[in-house]
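Residue strings, one per chain:
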Amino acid sequence: MALREENVPRGPFNITPIFVKRAKGAIIEDVEGKQYIDFAGGIGVENVGHCAEQVVSAIQQQAEQYIHTCFHIVMYEPYIELAKRLNEVTPGDFPKKTMFVNSGAEAVENAVKIARYATKRQAIIAFENAFHGRTYMAMTLTSQSQPYKIGFGPFCPEVYRMPYAYCYRCPFGLKYPDCKLRCADYLEDFFIGHVAADSVAAIIVEPVQGEGGFIVPPPEYFKKIKSICEKHGILFIMDEIQAGMGRTGKLFASEHFDVIPDIIITGKSIAAGLPLAGITGRAEIMDKPHVGGLGGTYSGNPIACKAGLAVLDTLNAQMLERSSQLGEKLRDRFVDLQRRYEIIGDVRGLGPMIGMELVRDRQSKEPAGDEAGDLVKRCYGRGLIILRCGPYHNVMRILVPLVITDDQLERGFGILEDMLKEIA
Ligand SMILES: Cc1ncc(COP(=O)(O)O)c(C=O)c1O
């Protein structure tokens, strides 16, 4: 730790003081041999589990053949195979194309580049509480100032921000379903008050807001937003970086909403920890930018693509079924905790992408951010790694590897409940 502090800046943050020795499934072992149950999955990257056998062997085999030629110089099959697979499995029964980059933020950047090029329009609409990454455009699209944006301005021009369907703290002060989804219809007003519809290239949105607080909009929300987009020739970009790859019980969270994005962005769990992200979209849109307009030295690295293919093989119907079951189990447990602990104001999520919002008072909904921070610390002290999120940092979130055993889940829950009892 002393060497870390001496040699690495403080900006790249650390949630725990733990140094890993090895990790398997849903267990992380530290350099002192202490084991932790992992409810964080490296921030939603280990849906198929740490060091899943198929993934490790795909990485090993690929590393023995070739590691890098640069796709733009000498092409390789894993890139094309994975693009084909993603074109097949992403929502939408129409020709699609996929390109790869190294990180979620870079994928967001490229989705914006493609949308602007294809529509010849400049404006992008993002949402309150959104998180899309830390590069300049991705950070601009991100909503939360602390810690993501403060001190880093100026930001990119032509980004506009709409309220999101955060029902627990409705920005319009209404209640679902009586609200009749005012927050979605508001998009038409937004074109009058903020930016003209025919200047807007795309709307970018997370199907379940991740860093923003595990916020799930009502089931009809995206259909409404998408139909308004269609009416005005605006592209609908779904950022599935955190919610995709089986996290919500389906391969893509968009499937829960019966909505077909024009462009879908994948990352995190797509390659189980290797740096990879994908941009998949309607072929005619993806093909608009000129040859040489898109790319990068490492983008779609062959080892990462091979890991991605192994992940897709692993995320079969059985694993998705397990994901749904896990979601039900987690929801039951959280709702039960909510009955017993006043501090839990809201339980929400889709499948096992579930969180609980902590408040000091259920009436005023005063966020219990410090208490959530305390809970995170107490949990890792007892051997459970868990994260929080949300604009007030008061939402405990579960991004557990889907391969966690029932016994590990129970033990994790035991720790969480004991620690909750202590702070409550
Ligand atoms: C929804 C969403 N979009 C984009 C990103 C950025 O991804 P990366 O950290 O790989 O750049 C994240 C990361 O947390 C995310 O959750």
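Presented here is a report on the structure given in the accompanying data block. (Residues numbered from 1 in each chain as written. Predicted model: local features only at pLDDT ≥ 70, side-chain atom pairs only at ≥ 80, totals over all residues. Heavy atoms only, no water.)

**Remarks on the packing of aromatic side chains**
In step 1: Evaluation of the coordinates by the stated rule reveals 15 aromatic pairs.
In step 2: Taking the centre distance of 6.3 Å and the plane angle of 65° together, the rings of Y76 and Y79 count as edge-to-face. Exposure class is identical for Y76 and Y79. Each is buried.
In step 3: Residues F222 and F236 carry aromatic rings whose centres are separated by 6.2 Å and whose planes lie at 65° to one another, so their mutual orientation is edge-to-face. Placement of the pair is F222 in helix α8 (residues 221-231) and F236 in strand β8 (residues 235-239), with a sequence separation of 14 residues.
In step 4: Judged by its relative accessible area of 0%, F222 is buried.
In step 5: These aromatic residues form a ring-pair network of at least three members: F127, Y164, Y221, F222, F236 and F257.
In step 6: We note K96 situated over the ring of F94; from NZ or CZ to the ring centre the distance is 5.7 Å.
In step 7: Taking NZ or CZ as reference, K365 lies 4.3 Å from the ring centre of Y168, over its face. (Phe/Tyr/Trp six-rings, centres within 6.5 Å; stacked < 30°, edge-to-face > 60°. Buried < 20%, exposed > 50% of the residue type's maximum accessible area, 1.4 Å probe, protein only. Helix = DSSP H or I, 4+ residues; strand = E, 2+ residues; numbered from the N terminus. Lys NZ or Arg CZ within 6 Å of the ring centre and 35° of its normal.)

**Section: empty space enclosed by the protein**
Empty space among the atoms can be located by rolling a probe the size of a water molecule over them.
In step 1: Per the counting criterion, the structure on display carries 1 cavity of 30 Å³ or more.
In step 2: What the largest cavity holds in volume is close to 110 Å³.
In step 3: Lining the largest cavity we find 15 residues, and of these C167, C170, Y176, C179 and C183 sit closest to its centre.
In step 4: For the lining of the largest cavity, the per-class residue count stands at 13 nonpolar, no polar and 2 charged. (1 Å grid on protein atoms, 1.4 Å probe; cavity = no way out; pocket = protein on both sides within 12 Å on 5 of 7 lines; lining within 4 Å. Points joined across faces, edges and corners; volume = space filled by probe spheres on them. Nonpolar A, V, L, I, M, F, W, Y, C, P; charged D, E, K, R; others polar.)

**Quick notes on the pattern of salt bridges**
Between side chains of opposite charge, pairing is possible as soon as their charged atoms come close.
In step 1: One pass over the full model with this rule turns up 28 salt bridges.
In step 2: Across the pair K224 and D185 runs a salt bridge, and its minimum N-O distance is 3.1 Å. Of the two residues, K224 is situated in helix α8 and D185 in helix α7 (residues 182-193); the sequence distance between them amounts to 39 residues.
In step 3: Judged by relative accessible area, K224 falls into the partly exposed class, the value being 28%.
In step 4: Residue D185 is classed as partly exposed on the basis of its relative accessible area, which comes to 32%.
In step 5: A salt bridge links K329 to D406, with the nearest nitrogen and oxygen atoms 3.0 Å apart. Here K329 is found in helix α11 (residues 317-340), whereas its partner D406 is found in helix α13 (residues 406-423), with 77 residues between them in sequence.
In step 6: Residue K329 is classed as partly exposed on the basis of its relative accessible area of 32%.
In step 7: In the salt-bridge network here, residues are joined through shared partners; they are R169, D346, R348 and E357. (Salt bridge = Lys/Arg side-chain N within 4 Å of Asp/Glu carboxyl O.)

**Details of a nonpolar patch on the surface**
In step 1: On the surface, M1, F19 and V31 cluster together into a nonpolar patch covering about 280 Å² of accessible area.
In step 2: Among the structural elements, M1 can be located in the segment before α1 (2-7). (Patch = residues over 30% accessible without salt bridge, like charges linked within 9 Å, V, L, I, M, F, W, Y side chains within 5 Å. Areas by Shrake-Rupley, 256 points an atom, 1.4 Å probe, with all protein chains shown as cover.)

**Considerations on the side chain of R348**
In step 1: Residue placement: R348 occurs in strand β11 (residues 344-350).
In step 2: A polar side-chain atom of R348 sits 2.8 Å from the main-chain carbonyl oxygen of G213.
In step 3: When neighbours within four sequence positions are excluded, R348 is seen to be in contact with Y166, Y168, G213, F214, I215, R331, M353, I354, G355, E357 and V395. (Polar contact = N/O pair within 3.5 Å; in protein donor to acceptor, adjacent residues only side chain to side chain. Contact = heavy atoms within 4.5 Å.)

**A look at the layout of surface pockets**
In step 1: If you add up the space inside the second largest pocket, you get close to 500 Å³.
In step 2: Forming the boundary of the second largest pocket are 19 residues, of which Y79, T98, M99, D287 and L294 lie nearest the centre.
In step 3: For the lining of the second largest pocket, the secondary-structure elements that each account for two or more residues are α4 (77-89) and β4 (96-101).
In step 4: It is β4 that contributes the most residues to the lining of the second largest pocket, 4 residues altogether.

**Focus on unusual backbone geometry**
Among all residues except glycine, the phi angle is most often negative; among peptide bonds, the trans geometry is most common.
In step 1: The step from G153 to P154 runs through a cis peptide bond, and the omega angle for that step is 5°.
In step 2: Located in the positive-phi region is M245, a residue other than glycine, with phi close to 55°.
In step 3: Among the structural elements, M245 can be located in the loop between β8 and β9 (263-266).
In step 4: A positive phi angle, near 40°, is found at K268, a position not held by glycine.
In step 5: Topologically, K268 is positioned in the loop between β9 and β10 (277-282).
In step 6: Under the relative-accessibility criterion, K268 is labelled partly exposed at 24%.

**Some thoughts on the site of the ligand**
In step 1: Around the ligand, the neighbouring residues are S103, G104, A105, F131, H132, G133, E206, E211, D239, I241, Q242 and K268.
In step 2: One nitrogen or oxygen atom from the main chain of A105 is found 2.8 Å from an oxygen atom belonging to the ligand.
In step 3: Coverage of the ligand by the protein amounts to 81% of the 390 Å² it exposes when considered alone.
In step 4: Of the residues assigned to the shell around the ligand, the class counts are 3 nonpolar, 5 polar and 4 charged. (Near = heavy atom within 4 Å.)

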